[in-house]
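Summary of structural features
One-letter residues, chain by chain:
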Amino acid sequence: MRYEIRVSGVLQETTRQEGFPELESRTVPDQTLLVGDVVDEAHLFGLLNRFQALGLTVTELRRLPE
């Protein structure tokens, strides 16, 4: 399953690479867009926990069509 996750604010390159190495990232105005494969529900909850631990606000989470 492929997901797109939008985060409020522009994340530093180090945070994107070290915090979410399995996701591709790019910045859009005032947001960071992360896209990647999520293997199962546990992986998804692990990603959400990482966002929370880093104090990041997820503004949108959606599953992309296969």
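Structure shown above.
Here we summarise the structure given alongside this text. Predicted model, so just to flag it, every value in this text is computed and none were measured.

**A closer look at the overall build of the protein**
- Counting its secondary structure elements, the protein contains two helices and four strands.
- Shown N-terminal to C-terminal, the secondary structure of the protein runs as helices and strands in the order β-α-β-β-α-β.
- By the compact-globule yardstick of 11 Å for 66 residues, the protein fits well, its C-alpha radius of gyration being 11 Å.
- In the protein, which comprises 66 residues, the proportion classed as buried is 33%.
- Pairs at least 24 residues apart make up 64% of the contacts formed inside the protein by residues separated by at least 6 positions.
- Here the protein displays about 4200 Å² of accessible surface, and carbon together with sulfur accounts for 47% of that area.

**A few points about the environment of D37**
- Mapped onto the elements of the fold, D37 is located in strand 3 (residues 31-37).
- By relative accessible area, D37 is classed as partly exposed at 48%.
- Between the alpha carbons of D37 and E13 there is a distance of 20 Å; along the sequence they are 24 residues apart.
- Beyond its immediate chain neighbours, meaning those up to four positions away, D37 contacts M1, R2 and H43.

**Structural notes on the side chain of H43**
- With respect to the secondary-structure elements, H43 resides in helix 2 (residues 41-53).
- Take H43: its relative accessible area is 17%, and that puts it in the buried class.
- Once residues within four sequence positions are removed from consideration, H43 is found in contact with E22, D37, V38 and R50.

**Notes on the packing of aromatic side chains**
- Counted according to the given criterion, the structure contains one aromatic pair.
- On the numbers, 4.3 Å between centres and 20° between planes, the contact of F20 with F51 is stacked. With F20 in the loop between helix 1 (13-19) and strand 2 (24-28) and F51 in helix 2, the pair connects residues that are 31 residues apart, well separated along the chain.
- Look at F51 and you get buried, because its relative accessible area is 1%.

**Quick notes on the sheet that holds strand 1 (residues 2-8)**
- Spatially, 2-3-1-4 is the arrangement adopted by the four strands of the open sheet, whose pairing is antiparallel. Strand pairing shows two members of the sheet lacking a second neighbour, strand 2 and strand 4 (58-64), which therefore form its edges. Mean inter-strand twist for the sheet, computed between neighbouring axes without regard to direction, equals 15°.

The rules we used
- Residues numbered from 1 in each chain as written.
- Predicted model: local features only at pLDDT ≥ 70, side-chain atom pairs only at ≥ 80, totals over all residues.
- Heavy atoms only, no water.
- Helix = DSSP H or I, 4+ residues; strand = E, 2+ residues; numbered from the N terminus.
- Rg over C-alpha atoms; globule rule 2.2 N^0.38 Å.
- Buried < 20%, exposed > 50% of the residue type's maximum accessible area, 1.4 Å probe, protein only.
- Contact = heavy atoms within 4.5 Å.
- Areas by Shrake-Rupley, 256 points an atom, 1.4 Å probe, with all protein chains shown as cover.
- Phe/Tyr/Trp six-rings, centres within 6.5 Å; stacked < 30°, edge-to-face > 60°.
- Pairing = 2+ DSSP bridges.
- Axes fitted to C-alpha atoms, helices over the stretch in contact; angles between N-to-C directions.

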